[in-house]
Amino acid sequence: MNKFCPGIVRSMATDQTEGTAAPAAVPNTIHGVDVSSFQGAPAMWSREAGAIKWAAVKVTELQPGNVRYVNPDAAADWAFVAKQKLGRIAYLFGHPSVSATETVSFFQTEMKTLGLADTDGIMLDLEVTDGLQPARVSSWAGAVMANLKKTFHRTPILYTFISFAEAGNTAKLGGYPLWISDPSSPPGKPVVPAPWKRWTIHQYSTSGAIDRDLARFATVAAMEKAFGVKAVPPKPAKGDLGGTISGSVTAARWTNGSIVIAGLGEGGRVQVRRFDAATGKWGVWWDPAQNQAVGAPGLVAWGNGLGQLFYATAKGNVVELATEDFGKSWQ
C-alpha cells in the first residue's frame, strides 16, 4: 500500500504474485481503491479507478527520527471522495520504532484539518517492523489501535499482508477488522492469516497505477455503519427509582446500554425495572412472574439482548426466566 516514502519498500509485494487489476463481480462486496501520493491528485487517479464505491486515502506517516510526513495530496483526495459521495477511509502508515502515542496524535492533528465525518473509517497500515521482534511490533500496533478507537470513537481497521501476519507481527490484533493484501488469490477469496478467522477488506490487485480492493459489505451504508462512529448509549439519570423492593437488588447491563434491575417486591414476587438505551428512559416496575420468591433474584446478560433471571421459591426450587429483547419481556 505504501508506495511513496523513500527507503520504504512496499513489502507486501516481496513474497506474493501480483494479481490483475480487472474488476471482479463478487456477491455482497463493493469495490474500492487505496491512494497515496504515488497516485497523484484525483484528476490523475480517478479515471484509472473506474466504477468504485469507496476509497482509502493515506494521510500521515510518523517516521523514525521524528520525521513527520503528510501526504501532499491527502486534502485534495479526501475532498474529492466526499464530493463524489463515496465511502471514505483515512489511514496512517505505522512505524513500530516510534511512539505509538505520537503516531496517533500526529494523525489526529491532520484529521482535524481534513475533517472526519461520523461515517468515515480509519485504518492503520502495518507492514514494516523497523527491525523489532514480532512481539514488540504486535504490542505497539495494539497500543495504536486502542488509542485510535478511543480517540475517534470508532473501530479502526488493520491493514497488513500474509507473511507479515504469519511472522507474529499482528498476534494481538485479531479483534479488529482485517484488511488483507493478497493479490495472489482471486478477488473475495484471500488467505486469512491467524489470528483472524475472516477478512473484511481484500486488496486483490497491487499492480499497475492503482491498488484495488473489495470490502465485504453489500452497500456503502453498511460499510459506514461498521466503520463509523459507534453511538454512545445514554447514561441513566441519577435519582430515586422508587419501587417496593425489600432487601438487596441485582442488575445486568448489555453492551448497547440497556439495563435491568430486579429485586423481591411487594407480595413476595420478583419485580424488575428496565432502562431503555434507545430512549434514555426508565420504564415502570413490573412482575415478570406471578409465583412468590424467596430472597433476591439473580440476573445475567450477554450477546445481542440475551439474558436470564433466576429466583428461588418457598419449595426450594429455582425458576429460570429468559429474555431475547434486552429485558423487555421475560418468559
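Scoring rules and cut-offs
Residues numbered from 1 in each chain as written. Predicted model: local features only at pLDDT ≥ 70, side-chain atom pairs only at ≥ 80, totals over all residues. Heavy atoms only, no water. Phe/Tyr/Trp six-rings, centres within 6.5 Å; stacked < 30°, edge-to-face > 60°. Helix = DSSP H or I, 4+ residues; strand = E, 2+ residues; numbered from the N terminus. Buried < 20%, exposed > 50% of the residue type's maximum accessible area, 1.4 Å probe, protein only. Lys NZ or Arg CZ within 6 Å of the ring centre and 35° of its normal. Pairing = 2+ DSSP bridges. Core = buried A, V, L, I, M, F, W, Y, C linked by side-chain atoms within 4.5 Å. Contact = heavy atoms within 4.5 Å.

*Asks:* What exactly am I supposed to notice about the packing of aromatic side chains here?
*Replies:* As enumerated under the stated definition, the model contains eight aromatic pairs in all. Between Y159 and W179, the ring centres sit 5.8 Å apart and the planes meet at 80°, which makes this aromatic pair edge-to-face. Of the two residues, Y159 is situated in strand β6 (residues 157-161) and W179 in strand β7 (residues 178-181); the sequence distance between them amounts to 20 residues. Ring plane angle 85° and centroid distance 5.3 Å describe the contact between F217 and F227, whose orientation is recorded as edge-to-face. Here F217, found in the loop between β9 (211-215) and α6 (220-227), pairs with F227, found in helix α6; they are 10 residues apart in sequence, far enough to count as distant. For F227, a relative accessible area of 3% puts it in the buried group. Counting every residue linked through ring pairs, the aromatic cluster contains W54, Y159 and W179. Directly above the ring of F106 sits R68, whose terminal nitrogen or CZ lies 5.2 Å from the centroid.

*Asks:* Can you walk me through the sheet that holds strand β11 (residues 259-264) in this structure?
*Replies:* Strands pair in a sheet through their backbones, by hydrogen bonds, and they do so in one of two ways: parallel or antiparallel. The antiparallel open sheet is built from four strands, whose spatial order is β10-β11-β12-β13. Each edge of the sheet is formed by a strand with only one pairing partner; in this case those strands are β10 (246-253) and β13 (281-282). Relative to β13, strand β12 (residues 270-276) is paired through two bridges, and the arrangement is antiparallel. What sits directly across from D276, in β13, is K281.

*Asks:* Teacher, can you tell me more about the nonpolar core here?
*Replies:* Taken as a class, soluble globular proteins show a tendency for nonpolar side chains to be buried jointly. Counting residues in hydrophobic clusters, the biggest one holds 41 residues, and the most contacted among them are V33, W45, F107, L124, L126, L148 and L173. Broken down by element, this core gets its largest block of residues, seven residues, from helix α4 (residues 134-152). Leave out the neighbours within four places in its chain, and W45 touches V33, V35, Q39, G40, I52, D77, F80, V81 and I210. Membership of the second largest hydrophobic core comes to 16 residues, among which are W54, Y159, W179 and I201.

*Asks:* Help me understand the pairing of strand β2 (residues 54-63) in this model?
*Replies:* The two faces of a sheet get side chains in turn, since along a regular strand they alternate between them. Among the 10 residues of β2, 10 are classified as buried, and the element is accordingly described as predominantly covered. As judged from the four bridges shared by strand β1 (residues 30-35) and β2, these two strands associate in the parallel manner. Note on β2: the bridge partner recorded for G32 is W54. Both β2 and strand β4 (residues 87-93) contribute to a ladder of seven bridges, which runs parallel. Of the residues in β4, the one forming a bridge with A55 is R88. Two elements, β2 and strand β3 (residues 67-70), share four bridges in a ladder whose sense is antiparallel.

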